[in-house]
Amino acid sequence: MSTTVSEPGTAQRAAFGNAIALVCRACGAEQALGPYYACDECFGPLEVGYDVERVTREQIEAGPKSIWRYQPLLPVPSDVASFPNTEPGFTRLIRADNLARELGIKTLWVKDDSGNPTHSFKDRVVAVALSAARELGLKVLACPSTGNLANAVAAAAARAGMKSVVFIPHDLERPKVLTTAVYDGTLVAVRGTYDDVNRLASEIAGEEEDWAFVNVNVRPYYSEGSKTLGFEVAEQLGWRLPEQVVIPVASGSQLTKVDKGFGELVKVGLVDDTPYRIFGAQAEGCSPVATAFKEGHDVVRPVRPDTIAKSLAIGNPADGPYVLDTCRRTSGAVEHVTDEEVVEGIRLLARTEGIFGETAGGVTVATLKKLVDTGQLDPEVETVVFNTGDGLKTLDAVSGRVGPAATIEPTYAAFTAADLI
Ligand SMILES: *Cc1c(COP(=O)(O)O)cnc(C)c1O
Ligand SMILES: [Zn+2]
């Protein structure tokens, strides 16, 4: 761990800001902040605990236009923004009246996280993991990835002047391979599914002591980055919680941390304690959490993924049980949609709001539609739906489905003859 600076006249710089411990989500035992992800007592997953009483809106609003404005609620030092980083976050929240009308919803917003530096929400989590890696003195930034994390890790490491080693399934979408490789870290394609790649990464993490596997041994810090999605939504709504949120589920980390973030905003006095419902979205070809939700189970039975929504294709989701708990506790639901509906979801969002989302966005928009159609989501109250990645990453999903209305000769006669308008 890095030393604390204590020059005369300068404030003490705590490596992890207001974070004070890692707390077990299963048994509540606490342990010191470090590169750990499993509880010493029961092997349960660890999350970051804080000692912070009050944070003011002015304090946040005076911060940088990135996730670092929420530094008091993240496990990062107060000068985190001064280290080279990709500056993710502060993405747009747009009012989606056309989509709302189409779906029969009264008030709808899209939180569009495709605007991040590598065009997915993963830049948020990686930035926090990178800070932890630096403070813990770890030298290599690594991950197993379904694609978007690979982009984010390779880019963040390049900018921070760190080595990166990224492991991906060999059959990943070509654009995601190229957009990772271009940052010139070490990219390893593994013959297997994401879950095989993940298992391999855990094994390597056990051997390489100075590596930070962002979603393995520094996972508690990584996950905290997802809270910033919730923080931004609340701030952009004028410092209040939305009534309903629809969130894609891969490992389930994002969904559970948005909920944690909402709770922390209430605790430190930034928003009123108003009720909200959280809904999870999965693709049918990889829907272990939605299945468990529908069947009323507390445990999630792993599946072998088979869906075009590769960024969500985690067959054995680490936070699955916590997603079930969150969605049940907030009177939400977890629903799944077919690949055909995913493509329709992508096209619907594009056609109504001019936002081209990746397959994860298609899953989430299609799930929103299904939740409305099946009466699970209240169309009368304010809803926020997440688009977590850019459609340019998953062009195959729409190729062959959309294209030019006609190909014509460059003459006015040819244009009118084509009878296009
Ligand atoms: C990783 C990812 C998610 C959610 O991941 P979790 O593992 O559930 O936190 C959502 N959308 C996109 C585009 C992603 O890449
Ligand atoms: Zn425990």
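Computed from a prediction, not measured in an experiment: that's the story for all the values here. (Residues numbered from 1 in each chain as written. Chains lettered and ligands numbered in written order. Predicted model: local features only at pLDDT ≥ 70, side-chain atom pairs only at ≥ 80, totals over all residues. Heavy atoms only, no water.)

When you look at the packing of aromatic side chains in this model, what are you seeing that I'm missing?
How two aromatic rings sit relative to each other is given by the distance of their centres and the angle of their planes. Tallied over the full model, the rule gives six aromatic pairs. For the pair Trp211 and Phe213, a centre-to-centre distance of 5.7 Å together with 35° between the ring planes defines the contact as tilted. Here the aromatic residues Phe167, Trp211 and Phe213 are joined through ring pairs into a cluster of three or more. We note Arg134 situated over the ring of Phe83; from NZ or CZ to the ring centre the distance is 3.7 Å. (Phe/Tyr/Trp six-rings, centres within 6.5 Å; stacked < 30°, edge-to-face > 60°. Lys NZ or Arg CZ within 6 Å of the ring centre and 35° of its normal.)

Even after reading the chapter, I still don't get the nonpolar core, so can you show me in this structure?
Nonpolar side chains in soluble globular proteins generally cluster together in the buried interior. Core analysis: the biggest nonpolar cluster contains 114 residues, and Leu141, Tyr221, Leu265 and Leu368 have the highest contact counts within it. Ranked by residues supplied to this core, first place goes to helix H3 (residues 122–135) with eight residues. Look past the residues within four positions of Tyr221 in its chain and what remains in contact with it is Phe16, Leu22, Leu33, Gly34, Val48, Pro75, Val128, Ala132 and Leu136. Formed by twelve residues, the second largest nonpolar core is a distinct cluster that contains Val165, Trp211, Phe213 and Val216. (Core = buried A, V, L, I, M, F, W, Y, C linked by side-chain atoms within 4.5 Å. Buried < 20%, exposed > 50% of the residue type's maximum accessible area, 1.4 Å probe, protein only. Helix = DSSP H or I, 4+ residues; strand = E, 2+ residues; numbered from the N terminus. Contact = heavy atoms within 4.5 Å.)

In this structure, what is going on with the environment of Val249? I would like to understand it.
Here Val249 lies in the loop between strand E10 (244–248) and helix H9 (253–267). Judged by relative accessible area, Val249 falls into the buried class, the value being 0%. Residues Val249 and Tyr276 lie 27 residues apart in sequence; the distance between their C-alpha atoms is 18 Å. Setting aside its immediate chain neighbours within four residues, Val249 contacts Leu255, Gly280, Ala281, Gln282, Val289, Leu312 and Val323.

I would appreciate a short explanation of the sheet that holds strand E7 (residues 163–169) in the present structure.
Adjacent strands of a sheet form backbone hydrogen bonds with each other and so pair up, either parallel or antiparallel. Strand order across the open sheet formed by four strands is E8-E7-E6-E9, with parallel pairing between neighbours. On the outer flanks of this sheet lie strand E8 (186–190) and strand E9 (211–213), each paired with one strand and no other. The average undirected angle you get between the axes of adjacent strands in this sheet is 20°. In the sheet, strand E6 (residues 140–144) pairs with E9 via three bridges, with the strands oriented parallel. The residue of E9 that forms the bridge with Val140 is Trp211. Of the strands in this sheet, E6, E7, E8 and E9 touch helix H6 (residues 194–207), which is tilted by about 145° from E7. (Pairing = 2+ DSSP bridges. Axes fitted to C-alpha atoms, helices over the stretch in contact; angles between N-to-C directions.)

Help me understand the sheet that holds strand E13 (residues 383–387) in this model?
An order of E4-E5-E13-E10-E11-E12 is seen for the six strands of this open sheet, with the pairing classed as mixed. Pairing within the sheet leaves two strands with one partner each, and these edge strands are strand E4 (93–95) and strand E12 (333–337). Recorded for the sheet is a direction-independent mean angle of 25° between the axes of neighbouring strands. Here three bridges tie E10 to E13, and the two strands are oriented parallel to one another. Bridging from a neighbouring strand, Gln244 pairs with Thr383 of E13. Where H9 meets the sheet, its contacts fall on E10, strand E11 (277–283) and E13, and the angle it forms with E10 comes to roughly 145°.

I'm lost on the pattern of salt bridges in this one. Help?
When their charged atoms lie close together, side chains carrying opposite charge are able to pair. Within this structure, the stated rule accounts for 26 salt bridges. The residue Asp97 makes a salt bridge to Arg95 at a minimum N-O spacing of 2.9 Å. On the basis of relative accessible area, Asp97 is assigned to the partly exposed category, the value being 35%. Where Lys260 meets Glu224, a salt bridge forms, and the shortest distance between an N and an O atom there is 2.9 Å. You can see Lys260 sitting in helix H9 and its partner Glu224 sitting in helix H7 (residues 219–224), a full 36 residues away along the chain. For Lys260, a relative accessible area of 16% corresponds to the buried category. (Salt bridge = Lys/Arg side-chain N within 4 Å of Asp/Glu carboxyl O.)

For this particular structure, what's the right way to read the site of ligand 1?
Near ligand 1 lie 15 residues; those nearest to it are Lys122, Asn148, Ser251, Gln254 and Thr388. A distance of 2.6 Å is found between a nitrogen atom of ligand 1 and a side-chain nitrogen or oxygen belonging to Thr388. When grouped by side-chain class, the residues that make up the shell around ligand 1 number six nonpolar, seven polar and two charged. (Near = heavy atom within 4 Å. Polar contact = N/O pair within 3.5 Å; in protein donor to acceptor, adjacent residues only side chain to side chain. Nonpolar A, V, L, I, M, F, W, Y, C, P; charged D, E, K, R; others polar.)

How do you make sense of the pairing of E6 when you look at a structure like this?
Every other side chain in a regular strand lies on the same face of the sheet, so the side chains alternate between the two faces. In terms of burial, E6 is largely enclosed, as five of its five residues are buried. Of the two faces of E6, the one lined by Val140, Ala142 and Pro144 and the one lined by Leu141 and Cys143 are each fully buried. Looking at chain direction, E6 and E7 are connected through five bridges and run parallel. For Pro144, the partnering residue across the bridge sits in E7 and is Phe167. In this region the chain leaves E6, passes through helix H4 (residues 148–160) and returns to the parallel neighbour E7; the handedness of that crossover is right-handed. (Right-handed = clockwise from strand over helix to strand, strands pointing away.)

Just to check I follow, could you spell out the coordination of the zinc ion (ligand 2) for this structure?
By definition of the ideal shapes, four donors in a tetrahedron about a metal sit 109.5 degrees apart, and six donors in an octahedron sit 90 or 180 degrees apart. Within the first shell, the zinc ion (ligand 2) binds the protein through Cys24 (SG), Cys27 (SG), Cys39 (SG) and Cys42 (SG), at distances of 2.3 to 2.4 Å. Note that the zinc ion (ligand 2) binds four donor atoms; their angles at the metal cover 101 to 116°, and the shape is tetrahedral. Site description for the zinc ion (ligand 2): donor spacing in sequence, C-x2-C-x11-C-x2-C. Judged by its relative accessible area of 2%, Cys39 falls in the buried class. What makes Cys42 partly exposed here is its relative accessible area of 35%. (Donors = N, O, S within 2.8 Å, 3.2 Å for Na, K, Ca; no water. Tetrahedral: all angles 85-135°; square planar, octahedral: opposite > 155°, others 65-115°.)

What's the story with the domain arrangement of the protein in this structure? I'm lost.
As a measure of interface size, the accessible area lost when the parts come together is often cited. We note that the domain assignment places domain 1 (10–82), domain 2 (92–119 + 226–397) and domain 3 (122–219) within the protein. Taking only C-alpha atoms, the centre of domain 1 and the centre of domain 2 are 25 Å apart. Each side of the interface is counted separately: domain 1 has 19 residues, and domain 2 has 18 residues. Of the roughly 1600 Å² buried between domain 1 and domain 2, counting both surfaces, carbon and sulfur atoms make up 52%. When the area that domain 1 buries against domain 2 is broken down by residue, the three leading residues are Arg25, Arg57 and Tyr70, summing to 39%. Among the ionic pairs, Asp319 bridges to Arg25, the shortest N-O distance being 2.6 Å. When contributions to the side of domain 1 that touches domain 2 are tallied by element, the ones reaching two or more residues are strand E3 (46–50) and helix H1 (57–61). (Domains from an automatic or database assignment. Buried area = accessible area lost by both parts, 1.4 Å probe.)

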